[in-house]
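This is what each chain is made of:
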Amino acid sequence: MATKKQQCPEFPYFGANYPDARCIDGYLYDLDDCDENGNLYEPSEKIPCPFCNKKEYFEKFGIMDEEEDSAAMDEYKSIVSWVKKHYPNYVIED
């Protein structure tokens, strides 16, 4: 039986107070960075998704482990907290 893969949640990331980040193939796209037809532009910087590409996200931002006390870890925890609040059925995997 094939396993179901859940879609990564949309969440605030690029400066908005509403969901403005979407994961596509493991990297974040800015939902506000699109043409007049709504086609997303390729991001100029590859930002790994903190959900499906967590290891690379941690590497990019220099997070060694989840117990770390740093601004980057605070940002990650803030994203996770927002997702838990707005998507209570989303399962955050380790």
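No experiment lies behind these values; they were computed from the predicted model shown. (Residues numbered from 1 in each chain as written. Predicted model: local features only at pLDDT ≥ 70, side-chain atom pairs only at ≥ 80, totals over all residues. Heavy atoms only, no water.)

A.B. asks: Any details on the side chain of D30? Residues and values, ideally.
C.D. replies: Note that D30 resides in strand 2 (residues 27-30). Within the local environment of D30, its side chain forms a polar contact with the backbone nitrogen of D32, the two atoms lying 2.9 Å apart. The contacts of D30, once residues within four sequence positions are left out, are F14, D20 and L40. (Helix = DSSP H or I, 4+ residues; strand = E, 2+ residues; numbered from the N terminus. Polar contact = N/O pair within 3.5 Å; in protein donor to acceptor, adjacent residues only side chain to side chain. Contact = heavy atoms within 4.5 Å.)

A.B. asks: I'd like to hear about the nonpolar core, residue by residue, with values.
C.D. replies: F11, Y13, F51, Y57 and Y76 are the most contacted members of the largest nonpolar core, which has 18 residues in total. Taken together, the elements giving at least two residues each to this core come down to strand 1 (21-24), helix 1 (54-60) and helix 2 (71-86). It is helix 2 that provides the largest number of residues to this core, a total of five residues. Among all residues touching Y57, those that are not within four sequence positions of it are Y13, P48, C49, P50, I63, E75, Y76 and I79. (Core = buried A, V, L, I, M, F, W, Y, C linked by side-chain atoms within 4.5 Å. Buried < 20%, exposed > 50% of the residue type's maximum accessible area, 1.4 Å probe, protein only.)

A.B. asks: Got a sec to walk through the layout of surface pockets? Specific residues and values, please.
C.D. replies: In this structure, the largest pocket spans a volume of roughly 220 Å³. The wall of the largest pocket is formed by twelve residues, among which Q6, F51, C52, Y90 and E93 lie closest to the centre. Residues belonging to the lining of the largest pocket are distributed by class as follows: seven nonpolar, one polar and four charged. (1 Å grid on protein atoms, 1.4 Å probe; cavity = no way out; pocket = protein on both sides within 12 Å on 5 of 7 lines; lining within 4 Å. Points joined across faces, edges and corners; volume = space filled by probe spheres on them. Nonpolar A, V, L, I, M, F, W, Y, C, P; charged D, E, K, R; others polar.)

A.B. asks: Kindly report on unusual backbone geometry, identifying the contributing residues and their values.
C.D. replies: You will see that D25, though not glycine, has its phi angle at about 55 degrees, which is positive. Secondary-structure assignment places D25 in the loop between strand 1 and strand 2.

A.B. asks: Could you give me a rundown of helix 2, with the residues and numbers involved?
C.D. replies: Every α-helical turn comprises 3.6 residues, leaving residues that sit three or four positions apart pointing alike. An ideal rise of 1.5 Å per residue puts 22 Å on 16 residues; helix 2 measures up with 23 Å between its terminal C-alpha atoms. The complete set of buried residues in helix 2 reads M73, Y76, I79, V80 and V83. Take helix 2 and look down its axis: the buried residues cluster within an arc of 120 degrees, on one side only. Structural note: helix 2 exposes A71 and K85 on the side pointing more than 90 degrees away from its buried face. (Expected span 1.5 Å × (residues − 1). Arc of directions from axis to C-beta.)

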